[in-house]
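Each chain is listed here by its residues.
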Amino acid sequence: MGESMQGLHRSHRCTEVSNQMIGEKVTVMGWVQKRRNLGSLIFIDLRDRTGILQIVFDEESVGADGFAKAGTLRSEYVVAVTGTVNRRSAAVNDSLKTGDIEVLADSLRILSESETPPFPIEENSQTKDELRLKYRYLDLRRPDLQRNLMMRSRAASLIRGFMEKEGFLEIETPMLQKSTPEGARDYLVPSRVHPGKFYALPQSPQLFKQLLMCSGYDRYIQITRCFRDEDLRADRQPEFTQIDMELSFVDAEDVMDVNERMLQYVFKEAVGVEISLPLPRMPWKEAMDRFGSDKPDTRFGMELTDVSDVVAGCGFGVFTGALENGGSVRGINVKGQGAMPRKKIDKLVEFAKGYGAKGLAYLCVNDDGTYKSSFAKFMSEDTLHALAQKMQAQPGDLLLFAADQNKIVWNVLGALRLEMGKELGLMDENQYNFLWVTEFPLLEWSDEEQRYMAMHHPFTMPMEEDWDKIDSAPGEVRAKAYDIVLNGTELGGGSVRIHRNDIQEKMFEVLGFTKEKAWENFGFLLSAFQYGVPPHAGLAYGFDRMIMHMVHADSIRDVIAFPKVKDASDLMSEAPEAVGRAQLDELGLRIADLQEE
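Residues numbered from 1 in each chain as written. Predicted model: local features only at pLDDT ≥ 70, side-chain atom pairs only at ≥ 80, totals over all residues. Heavy atoms only, no water.

1. Describing the pairing of strand S19 (residues 451-454)
Step number 1: Alignment of strand S18 (residues 443-446) against S19, held across four bridges, turns out to be antiparallel. In the sheet register, Trp445 faces S19, and the bridge partner there is Tyr452. (Pairing = 2+ DSSP bridges. Helix = DSSP H or I, 4+ residues; strand = E, 2+ residues; numbered from the N terminus.)

Dropping the structure here:
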């Protein structure tokens, strides 16, 4: 049972009470973190979202009944305490914001009692994720998670404030919209009023924000939910939050400029990190060649080196075969790891296979300058020397090589570089390396679909100087696209949009859409483009990812209040769940027999 709050008003949150207030009366409310009973004195740590405040009960100040009541307190009871702020009678606790004060209670109300929680409410909990997510409402009481969500709120507020000063309008776009191809799978919502027809939840507000530019709103922003029904990885959620924006009468430079200044402002105000402008830029091709990734982590070296010219005709079939098939041979130099045991190298080979490699070649440079290698017997001593020289190898280094099509080589060595960087502690989490990656390919070939797909989306403007290659060499056309990368994470991506009908129609043609199909899927956008459309460009951030970096969280789940797990289910509310026959009948739906064959 709990007592009423009638007549009581909280005067301060826990850590708003300070040593400037000694002798003052305060009323504080929160959860009991722990209780210590010393016989004549009872201490409790009172917790709210701001932190912890020590409360002291003695019989003289709180009365016999109040003292007895204080003796019944347990973890997670919700209480209201009125009392006087004093200097601590015992040792000062430097790890607490309120470590030099306490409140001597003169009244106590137990507002709510609590069962024993299934796990302790403490920072850096070691409790298994599954249990914490099942009781997420308890997990969210943990101070570290509360700080994360407060930081999220602060960052959103700073972004809105900055963008408003830059002339952006916050406009909401529909959650129920039309399903369109090109992208991840849509989440579909059946319509009761239009039987057999479906809405889709937005993967992004892309088409609507472009329409807002057609409508003259000039600068739009929205912090909005988006949904993608795709296979989940550790840092993917089926629903996530985007900072979405679009600007009219601009080019890529204008978009980058306002976003650089916004990032500089938000990171300074929210986490005290100074970002110097302008941010560095790197063309996509350079990022792939140097780091094997279009979202490179530039906090450490270990860059890729193309050794195709050195090993051409070397006699090692794995290398020469890759080159004959139009691929390349590239390597990374893992400094000082030449003595790595064979067992560990074998593990790296397995790791590489997980990223599409058929294998991984290695060359250890021994301390005496000799070599230990998986391919030394196929190569002359001179070629081995030339290879080590090209890789700038010193005695004690470990060289790892991949040979295949460029896409696979980049993928394998890019992942291996990050793995070794992590293992060797080369990533400083207090370093914030921002980078613009630019000049992405407009299109990429899909073996599955046997056609070119848009690397970003079908509304991305090609670079004018490459447009003449659209028929002869579509894979070489670069896009006016730009990604903002932070420490190896793509924080956001955007592009200048196509605002000319002739280019848009040609783009659809290259993507394999007939004119009829394009109008069927995107008719409302193409129709709007017939009525005067300004040049426009935009960008969208993954807000969850941004906050994850701000607070150094290991996963985006730690910055989302109620996240899903890897199979897209919610362990707490047990969604998704089957629904009753009556609901399905109303929607005109039948569930197919899902028995395993």
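2. A word on the nonpolar core
Step number 1: In terms of nonpolar packing, the biggest core is built from 103 residues, with Met245, Phe267, Phe434 and Tyr541 touching the most fellow members.
Step number 2: Per element, the largest residue contribution to this core is nine residues, and it comes from helix H6 (residues 252-271).
Step number 3: When near neighbours in sequence (up to four residues on either side) are disregarded, Met245 contacts Met163, Phe168, Lys209, Tyr220, Ile221, Asn259, Met262, Gly538, Leu539 and Tyr541.
Step number 4: Core analysis: the next-biggest nonpolar cluster, separate from the first, contains 25 residues, Ile44, Leu46, Val103 and Ala105 among them. (Core = buried A, V, L, I, M, F, W, Y, C linked by side-chain atoms within 4.5 Å. Buried < 20%, exposed > 50% of the residue type's maximum accessible area, 1.4 Å probe, protein only. Contact = heavy atoms within 4.5 Å.)

3. Remarks on the side chain of His536
Step number 1: Counting through the fold element by element, His536 comes out in strand S22 (residues 536-542).
Step number 2: When its relative accessible area of 0% is taken as the criterion, His536 is described as buried.
Step number 3: Here the side chain of His536 touches Gln210 through a polar contact of 2.9 Å, side chain to side chain.
Step number 4: Residues within four places of His536 in sequence aside, it is in contact with Gln210, Met213, Glu246, Leu247, Ser248, Val496, Arg497, Ile498, His499 and Phe529. (Polar contact = N/O pair within 3.5 Å; in protein donor to acceptor, adjacent residues only side chain to side chain.)

4. A few points about a nonpolar patch on the surface
Step number 1: Where nonpolar side chains cluster on the molecular surface, the patch consists of Met175, Leu176 and Tyr199 and spans about 250 Å² of accessible area.
Step number 2: As for its position among the elements, Met175 is in the loop between strand S6 (169-170) and strand S7 (188-190).
Step number 3: Using a relative accessible area of 33% as the deciding quantity, one classes Met175 as partly exposed. (Patch = residues over 30% accessible without salt bridge, like charges linked within 9 Å, V, L, I, M, F, W, Y side chains within 5 Å. Areas by Shrake-Rupley, 256 points an atom, 1.4 Å probe, with all protein chains shown as cover. Salt bridge = Lys/Arg side-chain N within 4 Å of Asp/Glu carboxyl O.)

5. Quick notes on the sheet that holds strand S17 (residues 434-438)
Step number 1: The strand order across the open sheet formed by eight strands is S6-S9-S10-S22-S21-S20-S17-S11, and the pairing between neighbours is mixed. The outermost strands of the open sheet, each flanked by one partner alone, are S6 and strand S11 (281-283).
Step number 2: Where strand S20 (residues 481-486) meets strand S21 (residues 489-496), six bridges bridge the pair, whose relative direction is antiparallel. Pairing of Val485 across the sheet is with Glu490, part of S21.
Step number 3: Against the sheet, helix H4 (residues 143-165) engages S6, strand S9 (219-227) and strand S10 (239-248), with an angle of about 150 degrees to S9. (Axes fitted to C-alpha atoms, helices over the stretch in contact; angles between N-to-C directions.)

6. Regarding helix H5 (residues 206-214)
Step number 1: The buried count for H5 comes to seven of nine residues, which makes it a mostly enclosed element.
Step number 2: Looking at H5, one finds that the buried residues are Gln206, Leu207, Lys209, Gln210, Leu211, Leu212 and Met213.
Step number 3: In this structure, the buried residues of H5 make contact with S9, S10, helix H14 (515-528) and S22.
Step number 4: Immediately downstream of H5, the backbone of Gly216 shows phi near 90 degrees, a positive value.

7. Some details on the packing of aromatic side chains
Step number 1: Counted under the stated rule, the structure contains 20 aromatic pairs.
Step number 2: On the basis of an interplanar angle of 70 degrees and a centroid distance of 5.6 Å, the ring pair of Phe267 and Tyr432 is categorised as edge-to-face. One end of the pair, Phe267, is in helix H6; the other, Tyr432, is in the loop between helix H12 (406-423) and S17, and 165 residues separate them in sequence. The burial state of Phe267 is the same as that of Tyr432; both residues are buried.
Step number 3: Of the aromatic side chains, those joined through ring pairs into one cluster are Phe316, Phe319, Phe375, Phe378 and Phe401.
Step number 4: Here the guanidinium or amino end of Lys134 rests over the ring plane of Tyr135, the centre of that ring lying 5.9 Å away. (Phe/Tyr/Trp six-rings, centres within 6.5 Å; stacked < 30°, edge-to-face > 60°. Lys NZ or Arg CZ within 6 Å of the ring centre and 35° of its normal.)

8. Considerations on the sheet that holds strand S15 (residues 371-373)
Step number 1: In spatial order, the strands read S12-S13-S16-S14-S15; together these five strands make up an open sheet with antiparallel pairing. At either end of the open sheet lies a strand with only one pairing partner, and these are strand S12 (305-306) and S15.
Step number 2: Direction of pairing for strand S14 (residues 361-365) relative to S15: antiparallel, over a ladder of three bridges. Its bridge partner lying in S15, Cys364 is registered against Lys372.
Step number 3: The sheet strands contacting H12 are strand S13 (328-334) and strand S16 (398-404), and the helix crosses S13 at an angle near 5 degrees.

9. Some words on unusual backbone geometry
Excluding glycine, residues mostly have negative phi values, and the peptide bonds linking residues are mostly trans.
Step number 1: Note that the residue after Leu277, namely Pro278, is joined by a cis bond; omega there is -5 degrees.
Step number 2: Tracing the backbone through its elements, the reader meets Pro278 in the loop between H6 and S11.
Step number 3: Residues Ala575 and Pro576 are joined by a peptide bond in cis, for which omega reads -5 degrees.
Step number 4: Within the secondary structure, Pro576 sits in the loop between helix H15 (543-551) and helix H16 (581-587).
Step number 5: One non-glycine residue, Asp218, adopts positive backbone phi at about 75 degrees.
Step number 6: Tracing the backbone through its elements, the reader meets Asp218 in the loop between H5 and S9.

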